[in-house]
Structure formats: C-alpha cells, structure tokens
Amino acid sequence: MIDKEKEKCLECGSKNVVRKGKSKTKFSVKQIYKCEDCGKRFVSDLRNKSYPIKIIMNSIVTYNLGNNLAETSKIIKKRFKVEVPEKTVYSWVKEFDKICSYYRTRDKAVKLFKPKDTVFIKIFRHLQLYKYRYHKAKVEFFVRNKERYLATLNTSNLPTSVSQHDCPTPIR
Ligand SMILES: [Zn+2]
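Residues numbered from 1 in each chain as written. Predicted model: local features only at pLDDT ≥ 70, side-chain atom pairs only at ≥ 80, totals over all residues.

1. Remarks on the overall build of the protein chain
Applied cut-off: Secondary structure follows DSSP: runs of H or I at least 4 residues long count as helices, runs of E at least 2 residues long count as strands, and numbering of each begins at the N terminus. Here a residue counts as buried when 20 or more other C-beta atoms fall within 10 Å of its C-beta, as exposed when 12 or fewer do, and as partly exposed in between; the C-beta atoms come from the backbone. Contacts are defined on C-beta atoms placed from the backbone: any two residues whose C-beta positions lie within 7 Å are in contact.
On a plain count of helices and strands, the protein chain comes out with 7 helices and 5 strands. Each helix (α) and strand (β) of the protein chain, taken in turn from the N terminus, gives the series β-β-β-α-α-α-α-α-β-β-α-α. Among the 172 residues that make up the protein chain, the fraction classed as buried is 12%. Pairs at least 24 apart in sequence give 35% of the contacts found in the protein chain among residues at least 6 apart.

Here you go:
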C-alpha cells in the first residue's frame, strides 16, 4: 500500500517531493518522484502488484510445495521468464493466507517431504491413461488428525439424503 504522505527522498530524506510521471514495465507501474531539495529523482517501487494472476497463483503453489522464497523466485523466473522478487512472493503468500489455508501447515509439511516429493503422481493404465496425483503432506495430516479434521468440516450445506435418482448418469 502506498502512503503518499510518507514518500521521502531516498537521497536526503526530504518530504518535499513532486511526482514526475510514471515508469511502466511489463507488469508494474512505478511512480517517479523528484526531490525539490536536492534535485535527485527516485522511484517508488511499492506498487508492483500487477502481475498476472497465473504468476501469483503459481508462486504461492510453488512456495507451498516447500520451496523457500529464493527457490520460488528462481522457479518462476525459469517457468515464465518473469522476475518476481522474494519479498513480492512473500507478500502474496501472506495476502492469500486467508484463502490458501495450507500456508499454516506448510512448516510441518516441509519437514516431511522435499518439494519435488510432495505431490505424488502416477499414471494408471485402464482402457485409457489416468493421471492420478495427490499431495502427500496433506494426506499425511489428514490421516493423523482425521477426527479433528472431520469435526471442522461444515456439513450444514450438504444435502441430507442423496437418493439414487439424484446421481447423474455417467456420460460416455
Ligand atoms: Zn532529496
């Protein structure tokens, strides 16, 4: 979040600064300021959140797989050819914490599995190929805390009974 009143010159610390246009890169818009006291220009890099949602989600998922911030940044760069600073990844992880509750169990998961081993993938052959995968740490936690986990589920939205007529006919 940008606080206009606290924008200070990076060179002399003066608050006597004026806006001098914007610097646009592919994924960010930065405000350029000029200090009226020392004449130096500086850029506010606080507002750089306009990355595509795909990159944001990929960063969070990559981090939650157990990669640290530096590794996540590196993987995203390799995957999308986009530079995402570690502090940006961290801000996304914190910001999406409320939605992606997995963040809270990540620390424990990291001790159990290495990032590359966290998701189990197997291809099954049965008339056609099936790709099956699951998150090993999540299953591990589920098994350990099954009772507690089930108790936290909100079952009030589920239908009270499901009759056979309600089952959709398989589509072939
Ligand atoms: Zn200055």
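2. Here we look at unusual backbone geometry
Leaving glycine out, the prevailing phi sign among residues is negative, and the prevailing peptide bond configuration is trans. Phi at Lys 81 takes a positive value of approximately 55 degrees, unusual for a residue other than glycine. If you trace the backbone, Lys 81 turns up in the loop between helix H2 (69–80) and helix H3 (86–95). Residue class for Lys 81 comes out exposed when judged on the 7 C-beta atoms lying within 10 Å of it.

3. Comments concerning the confidence of the model for the protein chain
Counted only if it meets this: The pLDDT value expresses, per residue, how confident the predictor is, ranging between 0 and 100.
Per-residue confidence for the protein chain gives a mean pLDDT of 74, with 60% of residues at or over 70. Mean pLDDT values over the elements of the protein chain span from 63, in helix H7 (residues 146–152), up to 94, in H2. This model gives residues 160–169 a pLDDT under 50, and the stretch forms 0 contacts once residues within four places in sequence are excluded.

4. Considering the environment of Gly 21
Here Gly 21 shows up in strand S1 (residues 17–24). Through-space distance from the C-alpha of Gly 21 to that of Gln 31 is 6.5 Å; in sequence the pair is 10 residues apart.

5. Thoughts on the environment of Pro 85
Topologically, Pro 85 is positioned in the loop between H2 and H3. Its 12 C-beta neighbours within 10 Å are what place Pro 85 among the exposed residues. Separated by 15 residues in sequence, Pro 85 and Ala 70 have C-alpha atoms that sit 8.3 Å apart.

6. Structural notes on the nonpolar core
For clarity, the threshold we go by: Note on terminology: a nonpolar core is any set of buried Ala, Val, Leu, Ile, Met, Phe, Trp, Tyr and Cys residues joined through C-beta atoms within 7 Å.
If you look at the biggest cluster of nonpolar residues, it comprises 7 residues: Ile 56, Ile 60, Tyr 63, Ile 76, Val 84, Val 89 and Trp 92. Looking at this core, the elements with two or more residues in it are helix H1 (53–64) and H3. For this core, the element with the most residues is H1, which contributes 3 residues.

7. Digging into H1
Defined as follows: The length a helix should cover is 1.5 Å for every residue beyond the first. Directions from the helix axis toward the C-beta atoms define the arc.
The first and last C-alpha atoms of H1 sit 16 Å apart over 12 residues, in line with the 16 Å expected at 1.5 Å per residue. Here H1 has its buried residues at Ile 56, Ser 59, Ile 60, Tyr 63 and Asn 64. All buried residues of H1 project into a common sector of 125 degrees when viewed along the axis, lining one side. The positive-phi residue at the C-terminal boundary of H1 is Gly 66, with phi of around 115 degrees.

8. Some details on H3
Think of an α-helix as turning once every 3.6 residues; residues three or four places apart then point the same way. Of all the residues in H3, the buried ones are Thr 88, Val 89 and Trp 92. In an axial view of H3, the angular spread of the buried residues amounts to 100 degrees, which keeps them on one side of the axis. Across from the buried face of H3, at angles greater than 90 degrees, the exposed residues are Lys 87 and Lys 94. In this structure, the buried residues of H3 make contact with H1 and H2.

9. Thoughts on the packing of H1 against H2
Our working rule: Convention adopted: a line fitted to C-alpha atoms gives each axis, helices being fitted over their contacting stretch, and angles between N-to-C directions are expressed from 0 to 180 degrees. The scheme is simple: roughly parallel for angles under 35 degrees, roughly antiparallel for over 145, roughly perpendicular for 65 to 115, oblique for anything else. Should the near helix be turned anticlockwise from the far one by less than a right angle, the crossing is termed left-handed; should it be turned clockwise, right-handed. Polarity classes work like this: nonpolar for Ala, Val, Leu, Ile, Met, Phe, Trp, Tyr, Cys and Pro, charged for Asp, Glu, Lys and Arg, and polar for all others, with Gly in that last group.
For the pair H1 and H2, the least separation of the axes is 9 Å and the interaxial angle reads 135 degrees. Classified by the angle their axes make, H1 and H2 are oblique. The handedness of the crossing between H1 and H2 is right-handed. Contacts from Ile 55, Asn 58, Ser 59, Thr 62 and Tyr 63 in H1 reach Leu 69, Thr 72, Ile 75, Ile 76, Arg 79 and Phe 80 in H2. Each residue belonging to the contact of H1 with H2 can be placed in one class, and the counts come to 6 nonpolar, 4 polar and 1 charged.

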